[in-house]
Amino acid sequence: MTANIEISNVSKRYGSMTVLDGLSLSIKANEFMVFLGPSGCGKSTLLRMIAGLESVDEGTISINGERIDTLPPGQRDIAMVFQSYALYPHMTVADNMAFGLRNIAVPSDVISARVAEAARMLEIGHLLERKPGQLSGGQRQRVAIGRAIVKEPKAFLFDEPLSNLDAALRVRTRVELAQLRNRVKSTMIFVTHDQIEAMTLADRIVVMNNRKIEQIGSPMEIYSRPASRFVATFVGSPTMNFLDVGISEENGFVSAKLPDGTQLKTAIRAAGLNGGTHALGIRAEAVKLANGVPATTTGKVDVLERLGDRTLLYTRLKDGSVVVAEDIGNSRVAIGDEVGLTLDGSRTHLFDAEGRAWHNEEPGHG
Ligand SMILES: Nc1ncnc2c1ncn2[C@@H]1O[C@H](COP(=O)(O)OP(=O)(O)OP(=O)(O)O)[C@@H](O)[C@H]1O
Ligand SMILES: [Mg+2]
């Protein structure tokens, strides 16, 4: 069973405060959709509205063409997995998983079969007789997912289900979720403020900020062609470099004057761009040490971050603006060094004062 979910012009207010303002969004059947955004942007609220735990003030939500926002939660055929797991402490794992089905009088042989199947899938068969208090965080989290799976819902909603796990378990559970997703054919909506979770799990990401949707796209679209300065800042680590630039046209393309006076040719079409303040965006991976090739400019290394496979160099240009560059893992650069930097002008983005973005014309390049 699966669901195509249509969210149409949905708004939500708490008293006089609008927390979601006219959101529209189509989620395809079997899609893994991630809602990504900073704390307080309304991700959980939107998820809870789909589940029926919050009312919809304006607009509609439909599943497979049928309006559901007026239905009680129990009739929506959706299962939600909470950050806190919300397991019943006095019940065994098996009973926790079976509880929802017993409530709606599913025959007991069907319940047993579904619990066994979910336990097998999640590798928690040996834990079925334990109580939640006798489980690790990761095991509890799997039980919570198991409880959702046995309902065989049309859609799964996850609200930051990994955020209570330690870093290593979080990565492992993320991989397990990705595998589970291939086995359980169902629409999944996953809320997180962790961009790596979003990038690794999603078919498409909905980036939310400030009551609105900033962008909807595949992980690589969001990364390579961020629709706004907010998205460019929020997705990618280290965060994109931004430099205040003056822009001019050269053979139809934008040429940017960096704050230290260096001229950088870009692959961004100049048509449609006005004068005024612009920020040039360039990711650290597009700023390398010159090493033999002519340098675009020079910077003084303030901080070195060794990540093992690569080294991030926090450099300062002559005018004082900061540019993070990338070097090899075994970088021989030292703090205080003056280094030549090569900026790849074909992998730049421009943002105007309102935060709107311009990119080069070749999708996937960025
Ligand atoms: N019951 C409520 N009454 C009043 N305001 C609320 C209520 N629930 C949420 N809010 C407000 O609505 C906004 C959106 O909250 P929501 O929980 O959806 O954010 P979120 O994106 O899930 O954040 P987080 O990442 O911290 O979980 C916040 O400003 C929050 O303070
Ligand atoms: Mg939340």
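Rules used throughout
Residues numbered from 1 in each chain as written. Chains lettered and ligands numbered in written order. Predicted model: local features only at pLDDT ≥ 70, side-chain atom pairs only at ≥ 80, totals over all residues. Heavy atoms only, no water. Near = heavy atom within 4 Å. Polar contact = N/O pair within 3.5 Å; in protein donor to acceptor, adjacent residues only side chain to side chain. Areas by Shrake-Rupley, 256 points an atom, 1.4 Å probe, with all protein chains shown as cover. Helix = DSSP H or I, 4+ residues; strand = E, 2+ residues; numbered from the N terminus. Pairing = 2+ DSSP bridges. Contact = heavy atoms within 4.5 Å. Axes fitted to C-alpha atoms, helices over the stretch in contact; angles between N-to-C directions. Domains from an automatic or database assignment. Buried area = accessible area lost by both parts, 1.4 Å probe. Salt bridge = Lys/Arg side-chain N within 4 Å of Asp/Glu carboxyl O. 1 Å grid on protein atoms, 1.4 Å probe; cavity = no way out; pocket = protein on both sides within 12 Å on 5 of 7 lines; lining within 4 Å. Points joined across faces, edges and corners; volume = space filled by probe spheres on them. Nonpolar A, V, L, I, M, F, W, Y, C, P; charged D, E, K, R; others polar. Expected span 1.5 Å × (residues − 1). Buried < 20%, exposed > 50% of the residue type's maximum accessible area, 1.4 Å probe, protein only. Arc of directions from axis to C-beta.

Participant: Got a minute to help me understand the site of ligand 1 in this structure?
Facilitator: Not every one of the 13 residues close to ligand 1 is listed here, only the nearest: Ser39, Gly40, Lys43, Ser44 and Thr45. Between an oxygen atom of ligand 1 and a side-chain N or O atom of Lys43, the distance comes to 2.8 Å. Between ligand 1 and the protein, one listed contact pairs an oxygen atom with a side-chain N or O atom of Ser44 at 2.8 Å. Coverage of ligand 1 by the protein chains reaches 59% of its 640 Å² of free accessible surface. For the shell around ligand 1, the secondary structure elements donating two or more residues are β2 (17-27) and α1 (43-51). With three residues, α1 is the largest single contributor of residues to the shell around ligand 1.

Participant: Looking at this model, I keep getting lost on the sheet that holds strand β1 (residues 5-14). Mind explaining?
Facilitator: Strand pairs in the sheet, formed through backbone hydrogen bonds, run parallel or antiparallel to each other. Taking strand neighbours across the sheet as the criterion, the four strands line up as β2-β1-β4-β5 in an open arrangement whose pairing is antiparallel. The open sheet is flanked by β2 and β5 (66-67), the only strands paired with a single partner. Judged from the five bridges that link them, β1 and strand β4 (residues 58-63) form a sheet pairing that is antiparallel. Each residue of the ladder has a partner; that of Ser8, found in β4, is Thr60. Sheet strands touched by α1: β1, β2 and β4. Its angle to β1, the strand with the most contacts, is close to 120°.

Participant: Just to check I follow, could you spell out the domain arrangement of the chain for this structure?
Facilitator: By a widespread convention, an interface's size corresponds to the accessible area lost as its parts come together. Structurally, the chain comprises domain 1 (5-228) and domain 2 (241-358). Each of domain 1 and domain 2 has a C-alpha centre, and the two are 39 Å apart. Roughly 460 Å² of surface becomes buried between domain 1 and domain 2 when both sides are summed, with 47% attributable to carbon and sulfur atoms. Taken together, the links from domain 1 to domain 2 amount to zero salt bridges. Where domain 1 packs against domain 2, one counts two residue pairs in polar contact (both at pLDDT 80 or more).

Participant: It is not clear to me how the layout of surface pockets should be interpreted in this structure. Could you clarify?
Facilitator: In this approach a probe as big as a water molecule rolls over the atoms, and the regions it shows empty are the leftover space. Here the largest pocket is characterised by a volume of approximately 710 Å³. Forming the walls of the largest pocket are 25 residues, and the residues nearest its centre are Gly74, Ile78, Ala79, Gly100 and Lys151. Those elements giving two or more residues to the lining of the largest pocket turn out to be β6 (78-81), α2 (93-103) and α4 (137-149). For the lining of the largest pocket, the residue count by class is 16 nonpolar, four polar and five charged. Around the second largest pocket sit 14 residues that line it, and Met121, Ile149, Glu152, Phe156 and Val184 are the ones nearest its centre.

Participant: Sorry, what's going on with the sheet that holds strand β20 (residues 348-352) here?
Facilitator: Spatially, six strands are ordered β13-β12-β11-β14-β20-β21 in an open sheet, and the strand pairing comes out antiparallel. In this open sheet, the two strands that pair with only one neighbour each are β13 (263-269) and β21 (357-358). Summarising the sheet, strand β11 (residues 241-250) and strand β14 (residues 278-282) pair through five bridges and their orientation is antiparallel. Residue Asn241 lies in a different strand from β14, and its bridge partner there is Ile282.

Participant: Can you walk me through helix α3 (residues 108-122) in this structure?
Facilitator: Between its first and last C-alpha, α3 extends 21 Å over 15 residues, near the 21 Å set by a 1.5 Å rise per residue. For α3, every residue scored as buried is listed here: Ile111, Val115, Ala118, Ala119, Met121 and Leu122. Down the axis of α3, the buried side of the element spans an arc of 160°, and every buried residue falls inside it. Away from its buried face, by an angle of more than 90 degrees, α3 presents the exposed residues Asp109 and Arg120. Against α2, α4 and α5 (167-183) lie the buried residues of α3. Of the residues one or two after α3, Glu123 is the one with positive phi, at around 55°.

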